[in-house]
Amino acid sequence: MMYDAAVIGAGPAGITAALYLVRSGMSVALIENGAPGGQILATAEIENYPGFPKSVKGWELADLFDAHLAEYPVVRVRGEVSAVEQAEGFFRLALTEGEPVEAKTVVVCTGAKHRDLGAPGEDEFRGRGVSYCAVCDGNFYRGRDVVVVGGGNSALEEALYLSRIVNKVYLVHRRDAFRGARVYEDKIRETNNIELVTKSVIDEICGGPAGMDSVIVRHVESGETRTIEAEGLFVYVGMLPVSAFLPGEVTKDAVGFILTDAEMCTSVPGIFAAGDVRSKRCRQVSSAVGDGATAATAALSYLEHLNA
């Protein structure tokens, strides 16, 4: 079947794009390798999404997004896109498993994944102390000591979440000032069981057969090291875009985030990008929703000219 549009990714941007496209009468295939919702599934509380003044849990918002889309005839395709090939008047999306999907236009909403810390011991203790999702794994460390590394919103939000269920949180950041929102930083400083370990980096993750049991932290100015005994390490040191499957003609920045114009158009006509996979400053649920709506509108305009 030839679809009018293939939307890759079912996070806030992808669900919004699919919703706008299908409501405009387009045939839409929504391709997703995981559960609908994307990164918000790994977020405990979302406090800045309009319409929820008392906050909303990430999984609850994901369910609401998905339920809204479920009312429309969007074809759900389970799988991971391995390549996008341009043909005469359409695109062919190869999947790691199953038949390829063909569509006249493509909206890329694949988001980004957590960057590895790169410290010795990270691979050895991945899943045995090292985690990238406090909501997913925090309960394993209830009543214990853990370390969070990072200085952005994700690190601050997850440190606050963990502080409610663990004994103590050590928040390690290589700088003295945090990059996250001031409201989160203020809450961090008011929380008794969070210790700030600033101007410091993690040199090594240590442990044994039972899993991780400590980290070695080095002060970036003095060079002095200390050992922090903790059974869990939660890493939030940036994101990497999921964009390697795209053709080389799609222009990206130095890290791999997709470059678009204000209408979410990429350098390849017919391919649009929305959400965290884009090269941009703000990566929030609200901005992803806005991107998805804009990308769908631009894709509709492209289809109108294509079918004229």
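Every chain is numbered independently, its residues counted from 1 as its sequence is written. Under the rules for a predicted model, residues below a pLDDT of 70 receive no local features and side-chain atom pairs below 80 are neither given nor counted, while totals for whole chains, interfaces and linings still include all residues. Computation of side-chain values: all heavy atoms of the structure, hydrogens and water removed.

## Describing the sheet that holds strand β10 (residues 130–131)
- Strand order in the open sheet formed by five strands is β10-β17-β11-β12-β13, and the pairing between neighbours is parallel. Two strands in the sheet have a free side with no partner beyond their single neighbour: β10 and β13 (194–198).
- Both strand β12 (residues 168–173) and β13 contribute to a ladder of five bridges, which runs parallel. Note on β13: the bridge partner recorded for Val172 is Val197.
- Two residues qualify as a contact provided that any one of their heavy atoms is within 4.5 Å of a heavy atom in the partner residue. Structural elements are reduced to axes, namely lines fitted to C-alpha atoms, with helices fitted over the stretch in contact, and the angle between N-to-C directions of any two is expressed from 0 to 180 degrees. Here a helix means four or more residues in a row that DSSP labels H or I, a strand means two or more in a row labelled E, and each is numbered from the N terminus. In the packing of helix α4 (residues 153–163) onto the sheet, contacts are made with β11 (145–149), β12, β13 and β17 (232–235), and the angle to β12 comes to roughly 165 degrees. DSSP calls a pair of strands paired once it identifies at least 2 bridges connecting them.

## Some remarks on the nonpolar core
- The term nonpolar core refers to a set of buried residues drawn from Ala, Val, Leu, Ile, Met, Phe, Trp, Tyr and Cys, joined through side-chain atoms within 4.5 Å. Only protein chains enter the accessibility calculation, which uses a 1.4 Å probe; a residue is then buried when its area is under 20% of its type maximum, exposed when over 50%, and partly exposed in between. Among the nonpolar cores identified, the biggest contains 36 residues, and Val7, Leu21, Val28, Leu61, Phe65, Val107 and Val285 are the most heavily contacted of them.
- Sorting the residues of this core by element identifies β1 (2–8), α1 (12–23), β2 (28–32), α2 (58–69) and α6 (285–307) as the ones contributing at least two each.
- In terms of residue count, α6 provides more of this core than any other element does, nine residues in total.
- Counting residues in each nonpolar core, the second largest holds 23 residues, with Ala29, Val84, Phe245 and Val277 among its members.

## Looking at the sheet that holds strand β14 (residues 200–208)
- Here three strands make up an open sheet; going across it, the order is β14-β15-β16 and the pairing antiparallel. In the strand order of this sheet, the two ends are held by β14 and β16 (225–229), each with one partner. Neighbouring strand axes in the sheet, compared pairwise and without regard to direction, differ in orientation by 25 degrees on average.
- Across eight bridges, β14 lies against strand β15 (residues 211–219) in antiparallel orientation. In the sheet register, Val201 faces β15, and the bridge partner there is Arg218.

## Regarding the side chain of Asp4
- Within the element layout of this structure, Asp4 appears in strand β1.
- According to the relative accessible area criterion, Asp4 is buried, its value standing at 13%.

## A closer look at helix α5 (residues 182–190)
- Inspection of α5 places Tyr184, Glu185 and Ile188 among the buried residues, and these make up the whole buried set. Seen along its axis, α5 keeps its buried residues to an arc of 100 degrees; they face one direction. Opposite the buried face of α5, by more than 90 degrees, sit the exposed residues Arg182 and Glu190.
- Where α5 is buried, its residues touch α4, β12 and β13. The directions from the helix axis to the C-beta atoms form the arc being described.

## Thoughts on the pattern of salt bridges
- The term salt bridge refers to a pairing of a side-chain nitrogen on Lys or Arg with a carboxyl oxygen on Asp or Glu at a separation within 4 Å. Throughout the structure, instances matching the rule amount to 15 salt bridges.
- Here Asp4 makes a salt bridge to Lys104, at a shortest N to O gap of 3.7 Å. Taken together, the residues Asp4 in strand β1 and Lys104 in strand β8 (residues 101–108) connect sequence positions 100 residues apart.
- Note on Lys104: relative accessible area 22%, which makes it partly exposed.
- The partner of Arg126 in a salt bridge is Asp123, and the shortest N-O contact between them spans 2.4 Å.

## Concerning the packing of α1 against α6
- Viewed as axis vectors pointing N to C, α1 and α6 meet at an angle of 35 degrees, and their least axial separation amounts to 7 Å. Taken as a pair, α1 and α6 cross one another with a handedness that is right-handed. Only Val285, Ala288, Val289, Gly292, Ala293, Ala296, Ala299 and Leu300 of α6 make contact with α1, whose side of the interface consists of Pro12, Ala13, Thr16, Ala17, Tyr20 and Leu21.
- The nonpolar class holds Ala, Val, Leu, Ile, Met, Phe, Trp, Tyr, Cys and Pro. Asp, Glu, Lys and Arg form the charged class, and all remaining residues, Gly among them, are polar. Here the residues of the contact of α1 with α6 sort into 12 nonpolar, two polar and no charged. Two helices cross in a left-handed way if the nearer one is turned anticlockwise from the farther one by less than a right angle. They cross in a right-handed way if the turn is clockwise.

## Things to note about the state of the cysteines
- The rule for a disulfide is simple: a pair of cysteine sulfur atoms within 2.5 Å. According to the stated counting rule, one finds one disulfide in the structure shown.
- Put simply, Cys133 and Cys136 are joined by a disulfide, and their sulfur atoms are 2.1 Å apart. What sets the handedness of the Cys133 and Cys136 disulfide is the S-S torsion sign, and at about 70 degrees it is right-handed.
- For Cys133, a relative accessible area of 11% translates into the label buried.
- For Cys136, a relative accessible area of 49% translates into the label partly exposed.

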